[in-house]
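# A closer look at the structure
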Amino acid sequence: MSVIANILETVGRTPLLTSPNSNQADEGQLLFKYERYNPGGSIKDRAALYIVEEAERRGWLKPGGTIIESSSGNFGISLAMIGAAKGYRVVILVDPKTTSANLALLKGFGAEVIVVTEQDDSGSYHKTRISLANRLAREIENSYRPDQCFNLLNSEAHFRTTAREIVEACSGRLDAFVTAVSTGGQLGGISRYLKIYAPEAQVVGVDAVGSAIFGGEAEAYRIPGIGLGWTPDNLDVNDVDSVYKVPDESAFLAARAFARNEGILMGPSSGACALVALKIAQELKPGQRVVCMVSDGGDRYVQTLFNDEWMESQGFAVHADVAAIREAARRLRPLGGKPVGNYKPELVRQLDVPESTLRLNAELRDAALGLGTAVPE
Ligand SMILES: Cc1ncc(COP(=O)(O)O)c(C=O)c1O
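So, a few notes on the structure that sits alongside this text. The structure presented is a predicted model; accordingly, all values stated were derived computationally and were not measured. (Residues numbered from 1 in each chain as written. Predicted model: local features only at pLDDT ≥ 70, side-chain atom pairs only at ≥ 80, totals over all residues. Heavy atoms only, no water.)

Following both chains from N to C, one finds helix H5 (residues 153-169) and helix H6 (residues 185-197) inclined at 55 degrees, their axes separated by 7 Å at the closest point. In terms of their interaxial angle, H5 and H6 are classed as oblique. When the axes of H5 and H6 are compared, the crossing they make is right-handed. On H6, the residues that touch Asn 154, Ser 155, Glu 156, His 158, Phe 159, Thr 162, Ala 163, Arg 164 and Val 167 of H5 are Gly 185, Gln 186, Gly 188, Gly 189, Ile 190, Arg 192, Tyr 193, Leu 194, Ile 196 and Tyr 197. Each residue belonging to the contact of H5 with H6 can be placed in one class, and the counts come to eight nonpolar, eight polar and three charged. (Axes fitted to C-alpha atoms, helices over the stretch in contact; angles between N-to-C directions. Helix = DSSP H or I, 4+ residues; strand = E, 2+ residues; numbered from the N terminus. Parallel < 35°, antiparallel > 145°, perpendicular 65-115°, else oblique. Left-handed = near helix turned anticlockwise from the far one by under 90°. Contact = heavy atoms within 4.5 Å. Nonpolar A, V, L, I, M, F, W, Y, C, P; charged D, E, K, R; others polar.)

Quick look at the structure:
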């Protein structure tokens, strides 16, 4: 056993797990990319570290500086952990959907938390959180705003690390990939990579019923960490082959079922993905494989997902066995036709996205710094 000099060195290189009790031998193999093993407990450690270290290299984040971000939880927790390890002050803007467990983790890592309660025009908190974060970043001296929603380094992090790990672990033989979308960091970066290095793999996006990422009207939903009122800049829908929108109850029940049937803890967004991935596995042949992203672990949601009273208070069932989950997966249907985007370029100005983000994005696009063209070392 070697000694690890800094907790941040343990970000990434997460395992791929089988799910033998839910997945049958006469169908494709379902594999989970288990991101709970990142030190901050979720996939967001990857993008957070990548963005922070790029800001340090460029001199945008200096010793004694403050990191300000809008996050429903996971990205903020990653930044709080990174800030603690590197010695930065961290201010995170969350909303009332953020679980008390996540709030405790943010504070545990020493972050200052601001709860934004004003809803935006789509009934969510994304826009109000982002514009307040941008205002604070202008007001607080020596501050840096990672801006996971508009900063293209978010998807770049996954292009360079997550996607590459998946393709390497599968020795390049991958038939489908499934993940959830919010800022589009994961799906944007991984889909771009797969279209180059595993072009035969079907790329499947998972969104919440109520999100407007792939069109339609935004409505309230209960799955944390997923969905948005528009298509994020980090995602090119042309790289996505199909999209499934999963209802709240199915996502929560699937996450509970995989904990009981496989011993694999996952949060509700990953429950939604696992259900979709099970459906894809049912359609694939033995010897083929689908990789499903598990973005975080269920221990973040003990007071909601794993609390029977909370489930009942939402009008959800509390239990679904393997047969019921397999049947629910079989009944899922993708959105019809090629996925369409719902891009809103005017938001960059409306939400006051920082000039540094816009300059960086222009530079990344111009230099094609890995954004779909360069081969990662
Ligand atoms: C639990 C969880 N799942 C999925 C996602 C979606 O990932 P992305 O923002 O990269 O689209 C997030 C993002 O916050 C998340 O926290």
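Now that the structure has been shown, the text picks up again.
Let us look at the packing of helix H1 (residues 44-57) against H5. The relative placement of two packed helices is expressed as an angle between their axes plus a distance between the axes. At their nearest, the axes of H1 and H5 sit 8 Å apart, and the two run at 125 degrees to each other. The angle between the axes of H1 and H5 places the two elements in the oblique class. H5 is crossed by H1, and the crossing has right-handed handedness. Contact residues: Arg 46, Ala 47, Tyr 50, Ile 51 and Glu 54 in H1; Leu 153, Asn 154, Glu 156, Ala 157, His 158, Arg 160, Thr 161, Thr 162 and Glu 165 in H5.

Our next topic: helix H3 (residues 100-108). For H3, the set of buried residues is Ala 101, Asn 102, Leu 103 and Leu 106. Looking at the buried residues of H3, the elements they touch are helix H2 (74-86), strand E4 (89-94) and strand E5 (112-115). One or two residues past the end of H3 sits Gly 110, with phi positive at roughly 90 degrees. (Buried < 20%, exposed > 50% of the residue type's maximum accessible area, 1.4 Å probe, protein only.)

The next subject is the packing of aromatic side chains. Applying the stated criterion to the full structure yields nine aromatic pairs. For the ring pair Phe 32 and Phe 258, a centre distance of 5.4 Å and an interplane angle of 90 degrees mean the geometry is edge-to-face. Placement of Phe 32 in strand E2 (residues 29-34) and of Phe 258 in helix H7 (residues 248-262) is noted, with a sequence separation of 226 residues between them. When sorted by exposure, Phe 32 lands in the same class as Phe 258, which is buried. Seen in terms of ring centroids, Phe 150 and Trp 230 are 6.4 Å apart; in terms of plane orientation they differ by 20 degrees. Their pairing is stacked. Of the two residues, Phe 150 is situated in the loop between strand E6 (143-144) and H5 and Trp 230 in the loop between strand E8 (202-208) and strand E9 (242-246); the sequence distance between them amounts to 80 residues. Residue classification places Phe 150 among the buried positions, given a relative accessible area of 3%. Ring pairs connect the aromatic residues Phe 159, Tyr 193 and Tyr 197, which therefore count as one cluster. (Phe/Tyr/Trp six-rings, centres within 6.5 Å; stacked < 30°, edge-to-face > 60°.)

This next bit is on the pairing of E4. In terms of residue burial, E4 counts as a mostly covered element, since five of its six residues are buried. Both strand E3 (residues 66-70) and E4 contribute to a ladder of five bridges, which runs parallel. Among the inter-strand pairings, Ile 68 is bridged to a residue of E4, identified as Val 91. The pairing of E4 with E5 spans four bridges and is classified as parallel. (Pairing = 2+ DSSP bridges.)

All right, on to the site of the ligand then. Around the ligand, the structure places 14 residues, and the nearest of them are Lys 44, Ser 182, Thr 183, Gly 184 and Ser 269. In this structure, an oxygen atom belonging to the ligand sits 2.6 Å away from a side-chain N or O atom of Lys 44. With respect to the ligand, the side chain of Ser 269 contributes an N or O atom lying 2.7 Å from a nitrogen atom. Protein coverage of the free-state accessible area of the ligand, which is 390 Å², stands at 97%. Looking at side-chain class alone, the shell around the ligand contains three nonpolar, nine polar and two charged residues. (Near = heavy atom within 4 Å. Polar contact = N/O pair within 3.5 Å; in protein donor to acceptor, adjacent residues only side chain to side chain. Areas by Shrake-Rupley, 256 points an atom, 1.4 Å probe, with all protein chains shown as cover.)

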